[in-house]
Amino acid sequence: NAGVTQTPKFQVLKTGQSMTLQCAQDMNHEYMSWYRQDPGMGLRLIHYSVGAGITDQGEVPNGYNVSRSTTEDFPLRLLSAAPSQTSVYFCASSLGAGGQYNEQFFGPGTRLTVL
Amino acid sequence: AQSVAQPEDQVNVAEGNPLTVKCTYSVSGNPYLFWYVQYPNRGLQFLLKYITGDNLVKGSYGFEAEFNKSQTSFHLKKPSALVSDSALYFCAVRDSRGTDKLIFGTGTRLQVFP
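Computed from a predicted model, the values in this text were never measured in an experiment. (Residues numbered from 1 in each chain as written. Chains lettered and ligands numbered in written order. Predicted model: local features only at pLDDT ≥ 70, side-chain atom pairs only at ≥ 80, totals over all residues. Heavy atoms only, no water.)

Take the interface of chain B and chain A next. Contacts between the two partners involve 23 residues from chain B and, on the opposite side, 25 residues from chain A. Surface buried jointly by chain B and chain A totals about 1,800 Å² across both partners, of which 55% is contributed by carbon and sulfur atoms. Summed over the shared surface of chain B and chain A, the number is one salt bridge. A salt bridge links B:Lys49 to A:Glu103, with the shortest nitrogen-to-oxygen separation between them at 3.2 Å. The tally of links from chain B across to chain A stands at three residue pairs in polar contact (both at pLDDT 80 or more). Listing elements by their share of the side of chain B that touches chain A, those giving two or more residues are strand E5 (33–38), strand E6 (44–50), strand E10 (87–94) and strand E11 (102–104) of chain B. Residue composition of the side of chain B that touches chain A, grouped by class: ten nonpolar, seven polar and six charged. (Contact = heavy atoms within 4.5 Å. Buried area = accessible area lost by both parts, 1.4 Å probe. Salt bridge = Lys/Arg side-chain N within 4 Å of Asp/Glu carboxyl O. Polar contact = N/O pair within 3.5 Å; in protein donor to acceptor, adjacent residues only side chain to side chain. Helix = DSSP H or I, 4+ residues; strand = E, 2+ residues; numbered from the N terminus. Nonpolar A, V, L, I, M, F, W, Y, C, P; charged D, E, K, R; others polar.)

Once that is clear, we can look at the state of the cysteines. Residue and element names in this part refer to chain B. Summed over the entire model, instances satisfying the criterion amount to two disulfides over all chains. Here Cys23 is linked by a disulfide to Cys91, with a sulfur-sulfur distance of 2.0 Å. Handedness here is read from the sign of the S-S torsion; for Cys23 and Cys91, about -65 degrees, the answer is left-handed. Of the two residues, Cys23 sits in the loop between strand E3 (19–21) and strand E4 (24–26) while Cys91 sits in strand E10, which places them 68 residues apart along the sequence. There is no split in this pair, since Cys23 and Cys91 are both buried. (Disulfide = S-S within 2.5 Å. Buried < 20%, exposed > 50% of the residue type's maximum accessible area, 1.4 Å probe, protein only.)

If you want it as structure tokens, here you go:
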């Protein structure tokens, strides 16, 4: 198993540009999520999904969009990049299916800089 | 609302000494608690979790955590630190709504000196 994969590893954008961060997992996990990590602030949840076709907002959803058309993929879209979105982005997945206390598996991260 | 607090930004310890990384929690209902580790330029890795049962939970790489309900704490411990344990450690609590959603603390940087 490749686990959770993320592309690209690094990205530099100009203010106002849009882009999609890719996330895929091959573990048949129901639950997937996107976090951003900023110094001194830990990990903050952007969006999450409990299964294909179902998404919900996390703590800091503004400026980001997600969709979950398949179990495997959970892309994160930046609609119009802003310098405040400079961060490291992590995708994670877990078994889900409610009632279980499942640990999350994390991807290697995407380091995004917005100029 | 569920939350966790990690009161120390950094913990310094000499190699071979015991280490403790602190975490306190605030939950409604039963707490489901996790520890993760992040090595430089890597994603987070699961270390251990407390769901129910024994208050001392054993995890990966020789780490363990002690659940204390009266003090609402879940401190991470290791009897003998290694230089390779130097990393960023996160405590997390599961959201009360029954999904796998986690709420993370701000992280504690552990520095083990030779």
